[in-house]
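Understanding the architecture of this molecule
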Amino acid sequence: MFRKKLIKYMPVFISAMILLSGCEAGKTVSDENSEINITQNAIISYLGPEGTYTEEAAKLFFGEESDTRPQKTVADAVDMLLDGNCDYAVIPQENTIGGPVYDYIDEFLSHRELSVAGEVELPIRQALMAKDGVRLDNIKTVYSHKQGIVQGADWLKNNLPNAEIIEVSSTAEGAKMVSESDSGNSAAIASVGAARVYGLSVLAENIQMNEDNKTRFYILSTDEPQENASGRMVFTACGEASGLSELLSKTEKPGIKPLYIHDRPEKTVMGRYIWLIECEGGGFEDYKKIADATELELQYRGAFPVK
């Protein structure tokens, strides 16, 4: 259970854009509000297999030459971190079209010792792919992660209305399954990069509903959260729904405002929830003032710069 005591063992969010501006893994990342150390020669677990958008996000954040280790599921990636076998884990958090990835948010919330060390926002361009020689009118089965299926739903309805849609653990897993299949009537929805990795031909590009389609990824760690005020502040709150409006009113002050709110059942009794809340601006001192003014049970998750 969450305690109202000011718990501070979750780390830092950091924008991938800072790294793109010239910082390398192992260096100190800083802006006018904060300074963050990225572990040198870090090992990073991520939702695999090779060719997932999560791998792309990890490479964007840590660099193309970073030591990334694909795992079968997000739970496996998190377990690798909790067991001390890697320094960071990268997990999807929210998509423009599909919304919050609740299974992965639940995984994060279920481990109090986890922290968040960064954030990556990645444009998502979905493609339909199959083995060489397979035509669109041959396809009877399409494999993808549930987010890929949701994002390509309109295109599938218009172009493959009779195809069986099968959900798998990741978009790249779907591409891998198609590449290993003896069937000539299966396809996958994944990235163009996955098509290259698994030797597939792209039959259609940009099949997602929205050209502005993006996914946010969390960089998880077991370090303590940054306390300095920065571009974003993150905390969790637990309690009855009646307490949420009062809590949010406490976040509305100069320089701070609620930006993202995700609610999950506490899984104890009906009517109690856990909220993952991100605010624009703020840090630990601001969090303490909010915590002191509410009866909900709060836990600080950190602050991170946004570029």
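Residues numbered from 1 in each chain as written. Predicted model: local features only at pLDDT ≥ 70, side-chain atom pairs only at ≥ 80, totals over all residues. Heavy atoms only, no water.

1. Concerning the sheet that holds strand E9 (residues 141-144)
What counts here: A pair of strands is treated as paired once DSSP finds two or more bridges between them. Strands are runs of DSSP state E lasting at least two residues, helices are runs of H or I lasting at least four, and both sets are numbered from the N terminus onward. Fitted lines through C-alpha atoms serve as axes, helices being fitted only where they are in contact, and the angles separating the N-to-C directions of these axes extend from 0 to 180 degrees.
Pairing is mixed across the open sheet formed by 5 strands, whose spatial order is E10-E9-E11-E8-E12. The sheet is open, and its two edges are formed by strand E10 (164-167) and strand E12 (201-204), each paired on a single side. The mean angle between the axes of side-by-side strands here comes to 35 degrees, regardless of whether they run parallel or antiparallel. Pairing geometry for strand E8 (residues 127-130) and strand E11 (residues 186-190), over 3 bridges, is antiparallel. Pairing of Leu128 across the sheet is with Ile189, part of E11.

2. Comments concerning the environment of Lys289
Selection rule: Only protein chains enter the calculation, and the probe is 1.4 Å; a residue is then buried if its accessible area is under 20% of its type maximum, exposed if over 50%, and partly exposed in between.
Tracing the sequence through the fold places Lys289 in helix H10 (residues 284-292). Using a relative accessible area of 54% as the deciding quantity, one classes Lys289 as exposed. Spatially, the C-alpha atoms of Lys289 and Lys250 are 8.4 Å apart, while their sequence positions differ by 39 residues.

3. Brief notes about the pattern of salt bridges
Here is the rule we go by: Salt bridge criterion: a side-chain nitrogen from Lys or Arg within 4 Å of a carboxyl oxygen from Asp or Glu.
Counted according to the given criterion, the structure contains 15 salt bridges. Between Glu121 and Lys214 there is a salt bridge, and its shortest N-O distance comes to 3.5 Å. Pair noted here: Glu121 is in strand E7 (residues 115-123) and Lys214 is in strand E13 (residues 214-221), with a separation of 93 residues, a long-range link. Note on Glu121: relative accessible area 43%, which makes it partly exposed. Take Lys214: its relative accessible area is 36%, and that puts it in the partly exposed class. Salt bridges sharing partners connect three or more residues here, namely Glu94, Glu119, Arg216, Arg232 and Glu278.

4. Some points on the confidence of the model for the protein
This is how it is decided: Values of pLDDT, ranging from 0 to 100, describe the predictor's confidence in every residue of the model. Any pair of residues with heavy atoms lying within 4.5 Å of one another is described as a contacting pair.
With 88% of its residues at a pLDDT of 70 or more, the protein shows a mean pLDDT of 85. Scored below 50 in pLDDT, residues 1-35 shows 141 contacts in the model against residues more than four places distant or in partner chains.

5. Considering helix H7 (residues 171-180)
Applied cut-off: The arc refers to the directions leading from the helix axis to the C-beta atoms.
Residues of H7 that are buried: Thr171, Ala172, Gly174, Ala175 and Val178. Buried residues along H7 cover an arc of 155 degrees about the axis, so they all sit on one side. Against the buried residues of H7 lie helix H2 (53-62), E8, E9, E11 and helix H8 (192-197).

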